[in-house]
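The chain contents come next:
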Amino acid sequence: MTGKGPASSHLPEEVRAADSTHGLPNGTHSAHAAEGSDLPNPGVGNAFGTVTGIERVPETEVLALRGHSSEVFCCRWNPRSSLLATGAGDGTARLWAVPQELPASSPGAAAAALTAAASPVVLKMDSDTLCAKTNNAFLSNHCTALEWNSSGSLLVTGSYDGIVRLWSEAGACVKSLARHVGPVLSTRWSPDGTNILSGSVDKTAIVWTPESGKEDGASVSENTYSFRAEVCSHHDGPVLDVDWRSDRSFSLCSTDNTISLWEIGAAEPQHVWRGHRDEVNEIRWSPSGTVLASCSDDFSAMLWTADASEPRQCLREHTKEVLSVRWCTESSSASSSSILATSSYDATIKLWNAETGSCTATLQAHADPVYAIAFSPDGRYLASGSFDRRVLVWSVASNKIVREYVGHGGVFELSWNAAGSRLAASFSNGVTTVLDPRQSAPLTSDADAMHD
């Protein structure tokens with residue numbers, strides 16, 4: 001399967017036979033993804049579901065961040081401020097100081113929005129050391145992954161040149177970590193914000209541990225901050241995704257159909273899970289760290305526990321490749337109400353009871369593959385983004401759409417800010433949009449709930 005999410009869709013041609021279609025992941029051909037194409041009318045519905053009585057968020061109420069010259073693959077809000085980081089196929093990441101008010105609020109807000117959109121801090125993925133340890137020479141240095149640490153003081157990025165870079169909140173590159181010999185597809189900070197985990201096309205993951213003993217959020221500089229690299233080499237294919245279980249335990253998934261569980265300092269994985277029959281696209285540990293969710297090209301998602309070699313649950317109701325998996329953020333304890341969401345190439349999102357493995361809802365409104373899903377911080381809403389150019393916000397309680405925004409390209413990633421008052425969406429046309437899900441009150445009973 002060649003149509004994948006933002007990380008695995010970036011595999012170079014040397015690893016995956018990719019289609020030459022620009023702007024779509026690995027040859028995803030979509031009539032709806034191109035600007036100017038026909039879109040389902042939300043007041044009429046489409047073959048995948050009916051969307052009635054929903055007012056589209058107008059362009060006048062959206063902040064459009066333009067500056068990238070290629071697809072925007074990833075976006076992340078700083079957890080402590082209104083700073084938004086974006087990463088793209090143009091070899092840069094950008095830091096945007098998003099104003100407190102969006103354009104429609106007032107003339108002053110409109111002016112502030114224009115200023116913010118016109119003046120990002122540009123973080124260049126300099127490619128002087130482009131895969132220096134190999135003979136590979138990838139033509140573009142995509143920024144494929146980024147994440148803030150828990151204090152919001154440091155941003156980590158991963159890119160096609162195999163370099164993991166650390167940036168200050170002001171945009172200064174404070175450290176370049178060169179050990180991978182292939183494109184970096186995923187980066188994650190440990191929950192305590194101390195260690196970094198990166199996964200690569202080179203079939204390895206690396207745990208980067210600071211040797212200076214500095215605490216999370218401490219001042220860093222190129223001369224005083226050093227890292228020890230612990231290479232995790234086990235998989236027979238590119239490592240597509242990584243996720244921390246705790247501050248010292250983490251998992252990896254790969255194109256070799258397997259998932260591994262590791263402890264920092266171990267030479268071999270603690271567990272290797274082999275239940276999937278095709279490439280494993282994403283993995284996410286539950287907030288409590290007790291259950292790992294995985295999704296695969298074999299049309300399934302699976303739930304795993306550290307003490308068992310077989311999956312606890314097999315979730316098999318999707319009819320095409322499962323691209324993304326997310327836990328509801330309110331499920332911070334192992335309870336019977338734990339909610340899991342999956343999105344698929346079949347254009348649907350499914351909600352699952354993680355205890356029973358039963359599908360509790362199928363959300364059908366998109367007309368193309370759904371690459372991005374994200375729960376709001378309070379767990380009450382689920383945002384979805386598709387290559388039909390639409391961002392939809394769903395009520396988890398009612399399974400109804402409460403907001404819709406139509407962009408001008410396919411949606412690669414979504415990110416809620418910490419307060420749940422802003423939703424950022426990165427698009428294939430090089431634009432990132434920021435919208436307030438509480439504006440443009442829809443014609444549903446959920447409108448009042450979003451103004452609580």
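Residues numbered from 1 in each chain as written. Predicted model: local features only at pLDDT ≥ 70, side-chain atom pairs only at ≥ 80, totals over all residues. Heavy atoms only, no water.

1. Here we look at the overall build of the chain
Selection rule: In this description a helix means any DSSP run of H or I spanning at least four residues, a strand means any run of E spanning at least two, and both kinds are numbered starting from the N terminus. Each residue's exposure class comes from its accessible area (1.4 Å probe, protein chains only) as a fraction of the maximum for that residue type: buried when under 20%, exposed when over 50%, partly exposed otherwise. Two residues form a contact once any of their heavy atoms are found within 4.5 Å. Using the Shrake-Rupley algorithm and a 1.4 Å probe, accessible areas are obtained, with residue cover drawn only from the displayed protein chains.
The secondary structure content of the chain amounts to two helices and 32 strands. For the chain, with 452 residues in total, the buried portion stands at 62%. Relative to all contacts within the chain whose residues are 6 or more apart in sequence, the contacts with residues 24 or more apart total 51%. When the accessible area of the chain is evaluated, it comes to approximately 16400 Å², of which 47% is carbon and sulfur surface.

2. Topic: the nonpolar core
We apply this condition: The set of buried Ala, Val, Leu, Ile, Met, Phe, Trp, Tyr and Cys residues whose side-chain atoms join them within 4.5 Å is what this entry labels a nonpolar core.
Leu95, Leu123, Leu146 and Leu155 are the most contacted members of the largest nonpolar core, which has 18 residues in total. Going through the elements one at a time, strand 2 (72-77), strand 3 (83-88), strand 4 (92-97) and strand 6 (143-148) are the ones with two or more residues in this core. Examining the composition of this core, we find that three residues originate from one element, strand 6, more than from any other. Residues within four places of Leu95 in sequence aside, it is in contact with Leu83, Leu84, Ala85, Pro120, Val121, Leu123, Trp148, Leu155, Ser168, Glu169, Ala170 and Gly171.

3. Digging into the sheet that holds strand 29 (residues 401-406)
Going by this rule: A strand pair is defined by DSSP finding two or more bridges across the two strands. Note on geometry: axes are lines fitted to C-alpha atoms, helical ones only across the stretch in contact, with angles between N-to-C directions running from 0 to 180 degrees.
With antiparallel pairing, the four strands of this open sheet are ordered in space as 26-27-28-29. If you trace the sheet from one side to the other, it starts and ends with strand 26 (370-375) and strand 29, each paired once. Averaged over neighbouring strand pairs, the angle between their axes works out to 15 degrees when direction is ignored. Of the pairings in the sheet, the one linking strand 26 to strand 27 (residues 381-386) comprises five bridges and is antiparallel in character.

4. Notes on unusual backbone geometry
Here Asn257, not a glycine, exhibits a phi torsion of approximately 80 degrees, which is positive. Phi is positive for Asn399, which is not a glycine, with a value near 60 degrees. Along the chain, Asn399 turns up in the loop between strand 28 (390-395) and strand 29. For Asn399, a relative accessible area of 29% gives the class partly exposed.

5. Some details on the pattern of salt bridges
Spelled out, the test is: Throughout this description, the term salt bridge denotes a Lys or Arg side-chain nitrogen within 4 Å of a carboxyl oxygen of Asp or Glu.
Per the counting criterion, the structure on display carries 12 salt bridges. The closest approach of N and O atoms between Arg56 and Glu404, which form a salt bridge, is 3.2 Å. Residue Arg56 is located in the segment before strand 1 (62-66), and its partner Glu404 is located in strand 29; the two are separated by 348 residues in the primary sequence. Owing to a relative accessible area of 33%, Arg56 belongs among the partly exposed residues under this scheme. In this structure, the salt-bridge partner of Asp243 is Arg188, at a minimum N-O distance of 3.8 Å. Pair noted here: Asp243 is in strand 14 (residues 239-244) and Arg188 is in strand 10 (residues 184-189), with a separation of 55 residues, a long-range link. Residue Asp243 is classed as buried on the basis of its relative accessible area, which comes to 11%. Salt bridges sharing partners connect three or more residues here, namely Arg56, Asp388, Arg390 and Glu404.

6. Topic: the environment of Arg312
The residue Arg312 is located in the loop between strand 20 (301-304) and strand 21 (313-315) in this model. Taking relative accessible area as the criterion, Arg312 reaches 33% and is therefore assigned partly exposed. Taking the C-alpha atoms as reference points, Arg312 and Gly357, 45 residues apart in sequence, are found 8.7 Å from one another. If sequence neighbours within four positions are ignored, Arg312 has contacts with Val291, Leu303, Trp304, Thr305, Ala354 and Glu355.

7. With respect to the confidence of the model for the chain
Rules: Each residue carries a pLDDT value, the predictor's own confidence for that position, ranging from 0 to 100.
Of all residues in the chain, 74% attain a pLDDT of 70 or more, and the chain-wide mean is 82. Counted against residues more than four places away or in other chains, residues 215-223, with its pLDDT under 50, gives 18 contacts. In the model, residues 439-452 has pLDDT below 50 throughout and makes 38 contacts with residues more than four positions away in sequence or in other chains.

8. As for the environment of Asn353
Quick reminder of the rule: Any N or O atom pair separated by 3.5 Å or less is treated as a polar contact, with the protein-specific requirement of one donor-capable and one acceptor-capable atom, and with residues adjacent in sequence counted only for side-chain atom pairs.
Assignment of secondary structure puts Asn353 in strand 24 (residues 348-353). Sequence separation between Asn353 and Ala341 is 12 residues, and the spatial gap between their C-alpha atoms is 9.2 Å. Within the structure, the side chain of Asn353 is placed 2.8 Å from the backbone nitrogen of Glu355, a separation counted as a polar contact. Of the polar contacts made by the side chain of Asn353, one reaches the backbone nitrogen of Thr356; its length is 3.1 Å.

9. Side note on the packing of aromatic side chains
Put simply, the rule is: Centres within 6.5 Å are what make two rings of Phe, Tyr or Trp a pair, Trp counting through its six-membered ring; a difference in plane orientation under 30 degrees is then read as stacked, over 60 as edge-to-face, and the rest as tilted. Charges are assigned to positions over rings by a cutoff of 6 Å between ring centre and Lys NZ or Arg CZ, combined with an angular limit of 35 degrees from the ring normal.
Enumeration over the complete set of coordinates arrives at seven aromatic pairs. One aromatic cluster in this structure is built from Phe73, Tyr371, Phe387 and Phe412. Over the face of the ring belonging to Trp285 we find Arg245, whose NZ or CZ atom lies 5.2 Å from the ring centre.

10. Looking at the pairing of strand 1
Taken across its five residues, strand 1 has four buried, putting it largely inside the fold. Inspection of the sheet shows strand 1 paired to strand 32 (residues 431-435) by five bridges, in the antiparallel sense. By the bridge assignment, Leu63 is partnered in strand 32 with Val434.

11. Thoughts on the state of the cysteines
As used here, a disulfide is simply a covalent bond connecting the sulfur atoms of two cysteines. As a reminder, the rule being used: When the sulfur atoms of two cysteines come within 2.5 Å, that pair is taken as a disulfide.
For the structure on display, the rule yields zero disulfides. Here Cys253 is not disulfide-linked; the sulfur of Cys295 is the nearest cysteine sulfur, at 7.7 Å.

12. Let's talk about the side chain of Ser384
Relative to the elements of secondary structure, Ser384 occurs in strand 27. Under the relative-accessibility criterion, Ser384 is labelled buried at 0%. In this structure the side chain of Ser384 is engaged in a polar contact, spanning 2.9 Å, whose partner is the side chain of Trp394. Once residues lying within four places of it in the same chain are set aside, the contact partners of Ser384 are Ile349, His366, Val370, Ala372, Ile373, Arg390, Val391, Leu392, Trp394 and Leu414.

13. Looking at the sheet that holds strand 22 (residues 322-327)
Sheet strands pair by backbone hydrogen bonding; their relative direction is either parallel or antiparallel. Strand order in the open sheet made by the four strands is 22-23-24-25, with antiparallel pairing throughout. Looking at strand neighbours, the two that pair on one side only are strand 22 and strand 25 (359-364), the edges of this open sheet. Strand-to-strand twist of the sheet, defined as the mean angle between neighbouring strand axes without regard to direction, takes the value 20 degrees. Judged from the five bridges that link them, strand 24 and strand 25 form a sheet pairing that is antiparallel. Counterpart to Ile349 in the pairing with strand 25 is Leu363.

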